[in-house]
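Topology and contacts: notes
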Amino acid sequence: QAMAPLHPVAVQCQEAQLVVTVHRDLFGTGRLVRAADLSLGSASCLPVSQNPAEDTVTFVAGLHECGSTLQMTPDSLIYKTSLSYKPTPSGNLVIVRTNPVVVPIECHYPRKSNVSSNAVRPTWAPFRSTLSAEERLTFSLRLMDDDWSTERLSNGFQLGESLHLQADVVSEGHVPLRLFVDHCVATLSPDKNSSPRYAFIDRSGCLVDGRAEDTTSAFISPRLRQETLQFVVDAFKFAGDDRNLIYITCHLKVSPADQAPNPWNKACSFNKASSLWAPVEGTGDICSCCETGNCP
């Protein structure tokens, strides 16, 4: 079976062995899985080779190896095994961005066929935007459609998709203000200090999730207006936890629009092409603490 996004697992049933070729874009989202997270059969056999040019890994196993089982029917000998994908957190992160998957594999003799599995499609419970008022300022945090034109009606996400978040402040009667997102944390309960917790914006406006491997999370630049800040975060879930409801708590703040952004008031994204932090506005040096962690 030809390798394609909708068929990321190809199986060749040979005389004495089977060859399984797995495209690392296992879910068809463009996000490549790590080869070390893939294994074959109950014996968890590891791949024998990788092809970086085609982003594939290959398993080769004898029909009786890697814990395969044999079923006999009047017409066939059926050797059964499975491909397992078990995502592990990268680095020191406590989150993963894909689901574990088990793909059943069969080799039928004398006739031959192969099978593949559709990706698991998790359903996410609602993300709830929050409103707060401080004096005569009204802050809002909303989940938006992908084109930012309207508020998103559906609050369910699949891993591989992105959350489009828009923070606003209504500042009628005030001097012109510029809005910042100081920090955002994801938790499994409404308590923002509960554990596990994942701070994807931290250090007074650093979108640290964009520093992680294989993410596109970033602030949108330039702004629509000074009172609005938009940012994109790749969907994720907590590793080793089957709950699919995640609470997000963000701290929003403002500064006078005529005050230059500084290490206390900034919106910084990590640019993977240049390996540098860049602010939505202001000079690049205000983002230096995003890398060092020594933010005021």
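In case you missed it, the structure is sitting above this.
Here goes a summary of the coordinates provided. The structure displayed is predicted, hence computed values, not measured ones.

1. Quick look at the environment of E291
Within the element layout of this structure, E291 appears in helix α1 (residues 288-292). C-alpha of E291 to C-alpha of L276: the two residues are 15 residues apart in sequence and 8.8 Å apart in space. Engagement of the side chain of E291 in a polar contact is seen with the side chain of W277, the distance being 2.8 Å.

2. Describing the nonpolar core
Core analysis: the biggest nonpolar cluster contains 34 residues, and V181, F200, I201, F219, F231 and F236 have the highest contact counts within it. Listing elements by their share of this core, those giving two or more residues are β11 (137-144), β12 (162-170), β13 (177-187), β14 (197-201), β16 (228-234) and β18 (247-256). With sequence-adjacent residues up to four places away left out, I201 is seen in contact with V181, D182, H183, C184, C206, L207, V208, F219 and F231.

3. Looking at a nonpolar patch on the surface
Side chains of L70, M72 and L77 sit close together on the surface and give an oily, nonpolar patch of about 290 Å² of accessible area. Checked against the element boundaries, L77 lands in strand β7 (residues 77-85). On the accessibility criterion, L77 (33% relative accessible area) is partly exposed.

4. A word on unusual backbone geometry
With an omega of 0°, the peptide bond running from S195 to P196 counts as cis. Inspection of the secondary structure assignment puts P196 in the loop between β13 and β14. Between S221 and the following residue, P222, the backbone shows a cis peptide bond with an omega angle of 0°. Along the polypeptide, P222 turns up in the loop between β15 (218-219) and β16. The phi torsion at R203 lies on the positive side, around 60°, for a residue other than glycine. By secondary structure assignment, the location of R203 is in the loop between β14 and β15. Relative accessible area serves as the criterion here: at 32%, R203 is assigned to the partly exposed category. Even without being a glycine, S275 presents a positive backbone phi close to 55°. Within the secondary structure layout, S275 lies in the loop between β19 (268-271) and β20 (276-279).

5. Describing the state of the cysteines
What we call a disulfide is simply a covalent bond connecting the sulfur atoms of a pair of cysteines. This structure, assessed with the given rule, holds six disulfides. There is a disulfide in this structure between C45 and C66, and the S-S distance comes to 2.1 Å. Across the S-S bond of C45 and C66 the torsion is about -110°, and the bridge reads as left-handed. You can see C45 sitting in the loop between β3 (38-40) and β4 (49-51) and its partner C66 sitting in the loop between β5 (56-62) and β6 (69-72), a full 21 residues away along the chain. Put simply, C268 and C287 are joined by a disulfide, and their sulfur atoms are 2.0 Å apart. Residues C268 and C287 are joined through a disulfide that is left-handed, its torsion about the S-S bond being -80°. In this pair, C268 is assigned in strand β19 and C287 in the loop between β20 and α1, connecting sequence segments 19 residues apart. A relative accessible area of 0% places C268 in the buried class. Going through the protein in sequence order and numbering each bonded cysteine, the pairs you get are 1-4, 2-3, 5-7, 6-11, 8-9, 10-12.

6. Here we look at empty space enclosed by the protein
Using the criterion set out here, one finds three cavities of 30 Å³ or more in the structure. The computed volume of the largest cavity comes to approximately 250 Å³. Lining the largest cavity we find 19 residues, and of these R31, R34, S90, R97 and E213 sit closest to its centre. Class assignment of the residues belonging to the lining of the largest cavity gives a composition of nine nonpolar, four polar and six charged.

Rules of the game
- Residues numbered from 1 in each chain as written.
- Predicted model: local features only at pLDDT ≥ 70, side-chain atom pairs only at ≥ 80, totals over all residues.
- Heavy atoms only, no water.
- Helix = DSSP H or I, 4+ residues; strand = E, 2+ residues; numbered from the N terminus.
- Polar contact = N/O pair within 3.5 Å; in protein donor to acceptor, adjacent residues only side chain to side chain.
- Core = buried A, V, L, I, M, F, W, Y, C linked by side-chain atoms within 4.5 Å.
- Buried < 20%, exposed > 50% of the residue type's maximum accessible area, 1.4 Å probe, protein only.
- Contact = heavy atoms within 4.5 Å.
- Patch = residues over 30% accessible without salt bridge, like charges linked within 9 Å, V, L, I, M, F, W, Y side chains within 5 Å.
- Areas by Shrake-Rupley, 256 points an atom, 1.4 Å probe, with all protein chains shown as cover.
- Salt bridge = Lys/Arg side-chain N within 4 Å of Asp/Glu carboxyl O.
- Disulfide = S-S within 2.5 Å.
- 1 Å grid on protein atoms, 1.4 Å probe; cavity = no way out; pocket = protein on both sides within 12 Å on 5 of 7 lines; lining within 4 Å.
- Points joined across faces, edges and corners; volume = space filled by probe spheres on them.
- Nonpolar A, V, L, I, M, F, W, Y, C, P; charged D, E, K, R; others polar.

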